[in-house]
Structures are given as structure tokens and as C-alpha cells.
Amino acid sequence: MRTRELQFLHQLFRLRSISEAARAVHTTQPNASKMLKKLEDHFGFQLFERQGGQLHPTEAALLIEEQVETTLLSFLRIESSARNLREKRHGSLAVGTTPHLSRNWVPKLMADYMISHPAVITSIHTRSSRKLIELVDQRQLDFAVGLIGSDDPNVICRKLFDTELVAALPKTHPLCKKDKLQARDFHQLEFVTASTLDRSREKIEEFFKTGNAQPIERGEASLSVTRLRLVERGIGLTLVDNLTANDYKDNLLEFKPLEPTVRMTVWLMRPKFRTKSRLADSFEQIVMKHAKLDFSSN
């Protein structure tokens, strides 16, 4: 299989649409359909079924989805190394992070690193915290910034800072009169929760248990900013991390602290067994500097 075919298959798993996957790899839909047919012939079984206008991976395809992503990352690292040699550039750095942290904080520190290391090819990969641990363990990533620490002996974790969950509610909501919100304040109120793949989902559920609260769940979304947009449109309340709250620029919502406080730790992870590198050491120093400057109170 060629790298392009792996990229296309990865986009099919992610987007569930031939036309969107075709755009992602810069080809036409007819060419994409031919590529899918070629891949299915290569594997010897059907990869996707069409249901309701959307592609759904077959049971057999789901068994290879993770291997496709891991193999693609390996191929891309090889291509990156080859490009470094051709262009006489000095190394590469692959960094993973979560959707929340990829919006502002990680790009800020990455820009700092890229400015001070213009000859280094950098890549940023957005995944769930659990997936980041796997990729660091497999040495597909040089570093990852996530919300779950790991006891894997092959992964070194270093605490960066704590972030807190806050309640997001429309400015006209009666709960805006309170200084802090407790779990029982949400009982039988409509609520938009985090995805089951999101670390904050566990924290949200633990918080509601402190007051035996049972909100009316209207739906879930993995991105905090998506939940905020739903709250803006009157679809209940939600809880988001204070990084997202601080980045919020519109004037439609109010953010309230919780009682008791709900904290999540942000970790820097790297493979234990990696070649000593001044480029990697420099990146770690920049991350720690930003964590100290931006969250010194933690």
C-alpha cells in the first residue's frame, strides 16, 4: 500500500464520506471511489457499508482501523526524516494534544518552539488523552500534552498544571444569581455533557454524584466549544474547562465556579526509551516555561 492510500483510508474512517475524504487528500470523488475499490480488493473484504447517505465501517474494517492510523504515522515520520536529509534540515518533532488544548495553549507554545527552531519540521496531532498515551508508548509521538497520566513504564509523565471545570449558562438563567454552583443546582435541568471519550465526562459524573443530582441529558459533544454553542442556543447548561471559558469572546454566557471544585491535571508525556536529543530537551523546557508563566498559581 502507498502512503496516499493509507491517508485516504484514514480519512474515510474519520470522515465517513468518500467526497470529504477525497477533498482531504486532494483528489476527485471518482478517483476516491476507485481507490476504495482497490483497497477492498487488496484486503479481500468490504471495508464500508452505505447507510442513510453515510459510510459505516464493517466489523472487519474496525479491526484494522487503529493499525491504519499507527502505520500512517510511522510512514509519515519516515517521510519527514527523508525530507530532513534532502533539505539538510535538522530533525523533526511530533507532538500530540487533546482537542481542548489544541485550540490555543499548545499552538502558543508550539509557535514559540518553531520560531526558535526554524530548521525543525514540527507536526501536531489531535487525539483523545487515552489515544495519546498509546501513541507515546509506541513512540509514534515525541511528546503529548493530555488530561490523563499513565502508569505505563514506557511513558514518562510530568505534571504541567491543573485546570478547573466551570458551569456555562445563559446570562438570563436564574442560577446566574449564585456565586458558586453545587451539584444539586443542576438536578432535573437540561444538560449537554461531554463525550464518553473525553476525560472531563468522568469528572462531570463524579461531580453530580456529590449532590445526588440527575440532570436531564439533552446530548453530548466532545469539544467544549461545541457545548458552549449549544448552550447559547438554549439547549441546557454544560460544564467546561476554564481554559475554554477564558477563551470565550462572545457575551451570551456566564461562567460560574463549582463547589466542590472539580480539577483536572494536564500532563506532559514522552517515551521513556528515546534517543537523547537537544531538540526534544529544548521543547520540554519551553513547555515547562509556558506552564509556569501561564499557570503559576497551580
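One can find the structure itself at the top, above this paragraph.
These remarks concern the structure in this document.

## So, the overall build of the protein chain
Phase 1: Looking only at helices and strands, the protein chain features ten helices and eleven strands.
Phase 2: Every one of the 298 residues in the protein chain was classed for burial, and the buried ones make up 45%.
Phase 3: When contacts within the protein chain are restricted to residue pairs at least 6 apart in sequence, those whose partners lie at least 24 apart make up 73%.
Phase 4: Carbon and sulfur atoms make up 49% of the accessible area of the protein chain, which totals about 15900 Å².

## A word on the packing of aromatic side chains
Phase 1: Scanning the model with the defined rule gives 13 aromatic pairs in all.
Phase 2: With centroids separated by 5.1 Å and ring planes inclined at 75°, the aromatic side chains of Trp105 and Phe161 adopt a geometry described as edge-to-face. In this pair, Trp105 sits in helix H5 (residues 105-116) while Phe161 sits in strand S6 (residues 155-170), placing the two residues 56 residues apart along the sequence. For the pair shown, Trp105 and Phe161 are each scored as buried.
Phase 3: Centre to centre, the rings of Phe207 and Phe208 are 5.7 Å apart; their planes meet at 50°, and the pair counts as tilted. Neither residue differs from the other here; Phe207 and Phe208 are each classed as buried.
Phase 4: Three or more aromatic residues link up through ring pairs in this structure, and these residues are Phe186, Phe191, Phe207 and Phe208.

## Examining the nonpolar core
Phase 1: In terms of nonpolar packing, the biggest core is built from 42 residues, with Trp105, Leu160, Phe186, Leu258 and Phe283 touching the most fellow members.
Phase 2: Of all the elements in the fold, those that place two or more residues in this core are strand S3 (92-97), H5, strand S5 (143-146), S6, strand S7 (190-194), helix H7 (199-209), strand S11 (263-271) and helix H10 (278-294).
Phase 3: Setting aside residues up to four positions removed in sequence, Trp105 forms contacts with Val145, Leu160, Phe161, Val287, His290, Ala291, Asp294 and Phe295.
Phase 4: With 20 residues, the next largest nonpolar core counts Phe13, Ala32, Ala61 and Leu72 among its residues.

## A short note on the environment of Val120
Phase 1: Structurally, the position occupied by Val120 is in the loop between H5 and strand S4 (121-126).
Phase 2: A relative accessible area of 8% means that Val120 is categorised as buried.
Phase 3: For the pair formed by Val120 and Ser92, sequence separation is 28 residues and the distance between their alpha carbons is 5.2 Å.

## Details of the pattern of salt bridges
A side chain of one charge can pair with a side chain of the opposite charge when the charged atoms of the two come close.
Phase 1: Enumeration according to the criterion identifies 18 salt bridges in this entry.
Phase 2: Among the salt bridges present, the one from Lys38 reaches Glu5, with a minimum N-O distance of 3.1 Å. In this pair, Lys38 sits in helix H3 (residues 29-43) while Glu5 sits in helix H1 (residues 3-15), placing the two residues 33 residues apart along the sequence.
Phase 3: Residue class for Lys38 comes out partly exposed when judged on its relative accessible area of 47%.
Phase 4: Owing to a relative accessible area of 9%, Glu5 belongs among the buried residues under this scheme.
Phase 5: One salt bridge connects Glu134 with Lys131, and the closest N-O pair in it is separated by 3.5 Å. Within this pair, Glu134 and its partner Lys131 are both found in helix H6 (residues 129-137), separated by three residues, close to a single helical turn.
Phase 6: Classification of Glu134 as partly exposed rests on a relative accessible area of 32%.

## Here's the deal with the layout of surface pockets
Phase 1: The space that makes up the largest pocket amounts to roughly 900 Å³.
Phase 2: In this structure, the largest pocket is lined by 32 residues; those nearest its centre are Glu69, Thr126, Arg127, Ser128 and Lys131.
Phase 3: Those elements that place two or more of their residues in the lining of the largest pocket are H1, helix H4 (59-86), S4 and H6.
Phase 4: Across the lining of the largest pocket, the residue classes break down as nine nonpolar, twelve polar and eleven charged.

## Observations regarding the side chain of His117
Phase 1: Here His117 is to be found in the loop between H5 and S4.
Phase 2: At a separation of 3.1 Å, a polar atom in the side chain of His117 contacts the side chain of Ser282.
Phase 3: Once residues within four sequence positions are removed from consideration, His117 is found in contact with Leu279 and Ser282.

## Notes on unusual backbone geometry
Phase 1: In this structure, Pro260 follows Glu259 across a cis peptide bond, with omega equal to 5°.
Phase 2: A positive phi angle, close to 60°, is found at Arg139, a residue other than glycine.
Phase 3: Residue position: Arg139 is located in the loop between H6 and S5.
Phase 4: Backbone geometry places Asn212, a non-glycine residue, at a positive phi of 50°.
Phase 5: Structurally, the position occupied by Asn212 is in the loop between H7 and strand S8 (216-221).
Phase 6: The class of Asn212 is exposed, set by a relative accessible area of 66%.

About the cut-offs
Residues numbered from 1 in each chain as written. Predicted model: local features only at pLDDT ≥ 70, side-chain atom pairs only at ≥ 80, totals over all residues. Heavy atoms only, no water. Helix = DSSP H or I, 4+ residues; strand = E, 2+ residues; numbered from the N terminus. Buried < 20%, exposed > 50% of the residue type's maximum accessible area, 1.4 Å probe, protein only. Contact = heavy atoms within 4.5 Å. Areas by Shrake-Rupley, 256 points an atom, 1.4 Å probe, with all protein chains shown as cover. Phe/Tyr/Trp six-rings, centres within 6.5 Å; stacked < 30°, edge-to-face > 60°. Core = buried A, V, L, I, M, F, W, Y, C linked by side-chain atoms within 4.5 Å. Salt bridge = Lys/Arg side-chain N within 4 Å of Asp/Glu carboxyl O. 1 Å grid on protein atoms, 1.4 Å probe; cavity = no way out; pocket = protein on both sides within 12 Å on 5 of 7 lines; lining within 4 Å. Points joined across faces, edges and corners; volume = space filled by probe spheres on them. Nonpolar A, V, L, I, M, F, W, Y, C, P; charged D, E, K, R; others polar. Polar contact = N/O pair within 3.5 Å; in protein donor to acceptor, adjacent residues only side chain to side chain.

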